[in-house]
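Inside the fold
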Amino acid sequence: MIRSHAHVIRAALLFRLRGEQEIVLGPSATPSTATGDYAIGLEELASMTRDHNISSLQHCGGVKGLSKMLKTNLATGIVGDENDLIKRMNTFGANRYPQKNGRSFLRFLWEAWQDLTLIILIVAAIASLGLGIKTEGLSRGWYDGASISFAVMLVIIVTAVSDYRQSLQFQNLNKEKQNIQLEVMRGGRIMKISIFDIVVGDVVPLRIGDQVPADGILITGHSLAIDESSMTGESKIVHKDQNAPFLMSGCKVADGIGTMLVTGVGINTEWGLLMASISEDTGEETPLQVRLNGLATFIGIVGLAVALSVLAILLGRYFTGNTKNPDGSVQFIKGETTVSKAVDGVIKIITIAVTIVVVAVPEGLPLAVTLTLAYSMRKMMADKALVRRLSACETMGSSTTICSDKTGTLTLNQMTVVEAYVGKQKINPPDDPSQLQSQAGLLCEGIAQNTTGNVFVPKDGGDVEISGSPTEKAILSWAVKLGMDFDDLRAESKILHVFPFNSEKKRGGVAIQTADSIVHIHWKGAAEMVLASCTGFLDSNGSLQSIDKEMDYFKVAIDDMAACSLRCVAIAYRPYELDKVPTNEESLGKWVLPEDELVLLAIVGIKDPCRPGVKDAVKVCTAAGVKVRMVTGDNIQTAKAIALECGILSSGADAKEPNIIEGKVFRAYSEKEREIIAKKITVMGRSSPNDKLLLVQALRKGGEVVAVTGDGTNDAPALHEADIGLSMGIQGTEVAKESSDIVILDDNFASVVKVVRWGRSVYANIQKFIQFQLTVNVGALVINVVAAISSGDVPLNTVQLLWINLIMDTLGALALATEPPTDHLMHRTPVGRREPLITNIMWRNLLIQALYQIAVLLVLNFRGLSILHLNQDDTIVKNTMIFNAFVLCQVFNEFNARKPDEINVFKGVTQNRLFMGIVGFTVILQIILIEFTGDFTTTVRLNWKQWLICVAIGTVRGTFPI
């Protein structure tokens, strides 16, 4: 059904593109059998791949005949110069597809205004506008209604802009996620390019965990298995060989290795068509957002209850004749007041109640979390961390333990062979070819054939280019220095079968047939494991010797290298009878390579130095209450040495069970025992991916919040199981990246620690805003309620409350949500899963600060005239000072909220220019509001003494901690 749907979309897209004269085929291409310089056309090629048409492929002469039609050399790839690439793109299309447009800004505006609170406010604005014009005339009556409308528009625009920017940010992140880097063979050399630069005719090597980058046909493969569930909807793993050679773009390599010839790219693939028809959902709501929405709802309900109470009180006072005009006259007299005037009075009271609801409902909470998450995601990208799932931002701040890989994360992943034993002889220096005797031929043969890497020797005599994994590159570089001719050795023998490197068995093997029909099976892998399968070794004369008496010698050599933090790899082989090799392809594909009675050829020690700054990063984690655990497939001695070097183990005395443990020992424990042991483990050596999964499960059951790093396909279960999965951007496979929450782009452990800082910053910024928000909520509600109950009027009118709402919700959220992380965050313990959002310290600050402003402003409300030596007619001056003092209290409250648990709230404030700008902007607007818009805000100008009193009230309020 998916494929049929894709074909319909493809037909529609091609029809539309032809109509717009933007056909992917290019202006010169036509869907005939031959296209320009190529002997096969786009439609025929696409049809063959789409329908998996074996007969069409055979008609073309198989993959070899097809490669000639596409002018591709199966051994060296396409020429790959600029002209060649342009010609292929014009003829067969580029590996891109039309992107579905995201939601427009107008759509976000439409969604923003549908908030229930805003709808209530819009109704209030219309009612207020009509009432004002009716009672006070057009010249002054529009103030309240216009101010409410302005506030509504501002909230809608700010919300829409914030959501729209976040949507654009997600689109950019999605582009980054889709821009996969992969290897192709061009001009005889392996090079890394973007998936978008793949062209028809490219030869692409495939390994476990890779994503098939385009539609294609298998050239060669060994145990190649493809997970086609993303295209077929079936979870069955499909084995690929010459009988089933077609590969579909977007599928994952589940096992084995191979090479493919690209035959379809972009919208000429089923994957491209599907991707063109869907857009990624970016509406994820994080756990913190859910909690904040719950808190906002609760506060809103409380505010609604208070507003209804005020409404009831004001209506009661109005209809009982206790509400008076500024001149002292009673507003409602039973039997005398007209229905029209009574309705006007009731609408005024309802407007006050609605405005209280608006101030009480904290629209700023969702806005604050959106802003801080968007800000953190952008900054984390600059710190080499690509966030795939929003919830990971905040969860990372709660992590109590990090289970880290060793290679490439704690180390540089720049490997070189620094020690080597060939036979029983130690080669010193390790790359001196003169010290090798008759073992050199077999050794170089095994290295050249049993590898997924490549050696390219430029014809112009330039530097040799070596590609592959870091371990493969190190061994190939060593062999090249010993005189290995990679291309000649590969040409002299034929590969019969390959057993790709397996992280469970820690080894990989290959069976080859030499020119004189002799079969050799070469193995390479973890030194002590390969050594255990050896029964002999070749001495310096090339004679086979029994290994029994020398086994201890080789074990000591491995331990000595491991103690120097070297990765130990053994290379061995065994001869095999040709007549025992399966002859048909099906039997050969299922053949299990013999791994006993091996002959040891060499043991090499590979140095991978610790990353600079890792020791400091581990110290920061320890100080922050986050335990770092190393989980590696390396020898336990190597793991111990690196752990000591990185500071994960503080001393050699710590290097004993269960602090340091082997994977096989850990997995042998029962589930309950693993749960107890897991908390004590600091280093796990010789671990399989399943051991890592068991460790994560045991730690999570013990209440830990676990972050896990991983790069291999087999790490996917552990990455998925962990609270936060961190995949590696450079060495990580596509399967690992898709199972992770965050991609560490530089594979550096120090970047993992930065993610922890940002995670804590998200949580801290939200708490800052909550304290700020609730202080204002409590103050505004209590002042208005007490004043309404006692006098029948409120000191803060509609326009003033809406201005406070603007400071509180919009500018406050922007100022506090973008506070950068500080070192102080990493001196706290992690935030627990169920720890309340409002801590005891926050409650203390909130209550003391709210009580202060309530007390001062109520004193001003009830005794302000006498204290300020004002006349009875100067009530508007008193109310202006209450409003001004209240706003200045909130301005200084922003400084308090920056550092809820510190004494000096001004520390580092000048480093946050946005915060200072918002505070300055708020103060300037307040001055303009008081001094120049008196008619609009029902305020009067204040003299310098009155301004000084307001500033003093706000300053005292803002400097409580100091």
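Not measured: the values here are computed from a predicted model.

Here we take up the overall build of the protein chain. What the protein chain contains, in helices and strands, is 35 helices and 26 strands. Dimensions of the protein chain along its principal axes, counting C-alpha atoms only, are 120 × 75 × 50 Å. Classification of the 962 residues of the protein chain by burial places 55% in the buried group. Nonlocal contacts in the protein chain, meaning residues at least 24 apart in sequence, comprise 72% of its contacts between residues at least 6 apart. Summing over all exposed atoms, the protein chain offers an accessible surface of approximately 41000 Å²; the carbon and sulfur share of this is 57%. Measuring between centres, the 91 positive side-chain charges of the protein chain sit 6 Å from its 98 negative side-chain charges.

Along strand β20 (residues 598-607), nine of the ten residues are buried, which leaves the element largely enclosed by surrounding structure. For strand β10 (residues 416-422) and β20, the ladder comprises six bridges, and the chain directions are antiparallel. The residue of β20 that forms the bridge with A420 is V604. Where strand β17 (residues 534-538) meets β20, three bridges bridge the pair, whose relative direction is parallel. For G536, the partnering residue across the bridge sits in β20 and is V599.

Throughout the structure, instances matching the rule amount to two cavities of 30 Å³ or more. Counted as a void, the largest cavity has a volume near 110 Å³. Lining the largest cavity are 16 residues, with K768, T822, L825, R828 and R898 positioned closest to its centre. Ranked by residues supplied to the lining of the largest cavity, first place goes to helix α29 (residues 749-791) with four residues.

Another point: the packing of helix α25 (residues 671-678) against helix α26 (residues 689-701). It is the contact of α25 with α26, at a shortest axis distance of 8 Å, that shows an interaxial angle of 80°. On the basis of the axis angle, α25 is roughly perpendicular to α26. Where α25 approaches α26, its residues E671, R674, E675 and A678 are matched on the opposing element by L694, L695, A698, L699 and K701. Its residues assigned to classes, the contact of α25 with α26 shows five nonpolar, no polar and four charged.

What follows is about the sheet that holds strand β26 (residues 742-744). Spatially, β8-β26-β25-β24-β9-β21-β23-β22 is the arrangement adopted by the eight strands of the open sheet, whose pairing is mixed. Since the sheet does not close on itself, it has two edges, and those belong to β8 (385-387) and β22 (660-662), each with one partner. Adjacent strand axes in the sheet meet at a mean angle of 20° when their direction is disregarded. With three bridges joining them, strand β9 (residues 401-404) and strand β24 (residues 706-710) adopt parallel strand pairing. Paired with I402 across the bridge in β24 is A707. The strands touched by α26 are β9, β21 (627-631), β23 (683-685) and β24; relative to β24, the strand with the most contacts, the crossing angle is about 170°.

For α29, with 43 residues, the first-to-last C-alpha span of 63 Å sits near the 63 Å given by 1.5 Å per residue. Put simply, N748 is the residue that caps the front of α29, since its side-chain oxygen is 3.1 Å from the backbone nitrogen of A750.

A few words now on the side chain of D202. For D202, the position within the fold is in the loop between β2 (189-194) and β3 (203-206). With relative accessibility at 0%, the residue D202 sits in the buried group. Only 3.0 Å separates the side chain of D202 from the backbone nitrogen of V199, close enough to count as a polar contact. Apart from the residues within four sequence positions on either side, D202 is in contact with I78, V184, M185, R186, D197, M260, L261 and V262.

Quick look at the confidence of the model for the protein chain now. On average, residues of the protein chain carry a pLDDT of 84, and 93% of them reach 70 or more. This model gives residues 21-32 a pLDDT under 50, and the stretch forms 20 contacts once residues within four places in sequence are excluded.

As a further point, take a negative patch on the surface. Judged by side-chain charge, D485, D487, D488 and E492 come together as a negatively charged surface patch. In this structure, D487 sits in helix α18 (residues 486-492). Classification of D487 by relative accessible area gives partly exposed; the value is 45%.

Glancing now at the packing of aromatic side chains. Aromatic ring pairs are defined here through the distance separating the ring centres and the angle between the ring planes. Under the criterion given, the structure shown has 17 aromatic pairs. Plain terms: the ring middles of F108 and Y164 are 5.9 Å apart, the flat faces sit at 65° to each other, and that makes the pair edge-to-face. Here F108, found in helix α6 (residues 105-112), pairs with Y164, found in helix α9 (residues 143-178); they are 56 residues apart in sequence, far enough to count as distant. Owing to a relative accessible area of 5%, F108 belongs among the buried residues under this scheme. Taking relative accessible area as the criterion, Y164 reaches 27% and is therefore assigned partly exposed. Both rings, one in F895 and one in F906, keep their centres 5.2 Å apart while their planes meet at 50°; by these two values the pair is tilted. One end of the pair, F895, is in helix α32 (residues 875-898); the other, F906, is in the loop between α32 and α33 (913-932), with eleven residues separating them in the sequence. Here F895 falls in the buried class, since its relative accessible area comes to 9%. Each member of the aromatic cluster is reached from another via a ring pair, and the members are Y421, F537, Y553 and F554. A cation over an aromatic ring shows up here: K71 above the ring of Y38, its NZ or CZ 5.9 Å from the ring centre.

To continue, consider unusual backbone geometry. The peptide bond linking N428 to P429 adopts the cis configuration, its omega dihedral lying at 0°. Take P429: it is sitting in the loop between β11 (425-427) and α16 (440-449). Residues E657 and P658 are joined by a peptide bond in cis, for which omega reads 0°. Examined against the element boundaries, P658 turns out to sit in the loop between α23 (636-646) and β22. A positive phi angle, near 60°, is found at S565, a position not held by glycine. For S565, a relative accessible area of 6% puts it in the buried group. In the Ramachandran plot, H869 falls in the positive-phi region, its phi being about 55° despite a non-glycine side chain. Checked against the element boundaries, H869 lands in the loop between α31 (840-867) and α32.

The next thing to look at is the UniProt feature "transmembrane region" (unreviewed entry) in the protein chain. Residues annotated by UniProt as "transmembrane region" (unreviewed entry) correspond here to residues 112-133, 145-164, 295-319 and 349-375. Here residues 295-319 is 100% helix and 0% strand, with 36 Å between the C-alpha atoms at its ends.

A few words on the packing of α31 against α32. Two elements in contact, α31 and α32, have axes separated by 9 Å at closest approach and are oriented at 170°. In terms of orientation, α31 and α32 fall into the roughly antiparallel class. The interaxial crossing formed by α31 with α32 has right-handed handedness. Side by side, α31 and α32 meet where Q849, Q853, L857, L860, N861, G864 and L865 of the first sit next to T875, K878, N879, I882, A885, F886, C889, Q890, N893 and N896 of the second. Here the residues of the contact of α31 with α32 sort into seven nonpolar, nine polar and one charged.

When we look at burial in helix α4 (residues 62-69), the residues that qualify are G62, V63, G65, L66 and S67. Against the buried residues of α4 lie α2 (42-50), α3 (54-59), β4 (215-227) and β7 (252-264). With its phi angle positive at about 55°, K71 sits one or two positions after the end of α4.

A word on the environment of D823. Note that D823 resides in the loop between α30 (798-817) and α31. Given a relative accessible area of 52%, D823 falls into the exposed group. Each C-alpha atom of the pair D823 and N83 lies 53 Å from the other, and the pair is 740 residues apart in sequence. Within the structure, the side chain of D823 is placed 2.9 Å from the side chain of R757, a separation counted as a polar contact.

Here we take up the nonpolar core. Ranked by size, the top nonpolar core spans 117 residues in total, and within it L292, I648, I742, F749 and I770 carry the most contacts. In terms of residues, this core owes the most to one element, α29, which gives 16 residues. Once residues within four sequence positions are removed from consideration, I648 is found in contact with L410, V618, V628, M630, A643, T682 and V683. Of all hydrophobic cores here, the second largest spans 42 residues; its members include V63, L66, I217 and M231.

Each value, and the rule that gives it
Residues numbered from 1 in each chain as written. Predicted model: local features only at pLDDT ≥ 70, side-chain atom pairs only at ≥ 80, totals over all residues. Heavy atoms only, no water. Helix = DSSP H or I, 4+ residues; strand = E, 2+ residues; numbered from the N terminus. Buried < 20%, exposed > 50% of the residue type's maximum accessible area, 1.4 Å probe, protein only. Contact = heavy atoms within 4.5 Å. Areas by Shrake-Rupley, 256 points an atom, 1.4 Å probe, with all protein chains shown as cover. Lys, Arg positive; Asp, Glu negative; His and termini not counted. Charge placed at Lys NZ, Arg CZ, Asp CG, Glu CD. Pairing = 2+ DSSP bridges. 1 Å grid on protein atoms, 1.4 Å probe; cavity = no way out; pocket = protein on both sides within 12 Å on 5 of 7 lines; lining within 4 Å. Points joined across faces, edges and corners; volume = space filled by probe spheres on them. Axes fitted to C-alpha atoms, helices over the stretch in contact; angles between N-to-C directions. Parallel < 35°, antiparallel > 145°, perpendicular 65-115°, else oblique. Nonpolar A, V, L, I, M, F, W, Y, C, P; charged D, E, K, R; others polar. Expected span 1.5 Å × (residues − 1). Polar contact = N/O pair within 3.5 Å; in protein donor to acceptor, adjacent residues only side chain to side chain. pLDDT = per-residue confidence, 0-100. Patch = residues over 30% accessible without salt bridge, like charges linked within 9 Å, V, L, I, M, F, W, Y side chains within 5 Å. Salt bridge = Lys/Arg side-chain N within 4 Å of Asp/Glu carboxyl O. Phe/Tyr/Trp six-rings, centres within 6.5 Å; stacked < 30°, edge-to-face > 60°. Lys NZ or Arg CZ within 6 Å of the ring centre and 35° of its normal. UniProt positions renumbered as here; feature names shortened; annotations may be inferred. Left-handed = near helix turned anticlockwise from the far one by under 90°. Core = buried A, V, L, I, M, F, W, Y, C linked by side-chain atoms within 4.5 Å.

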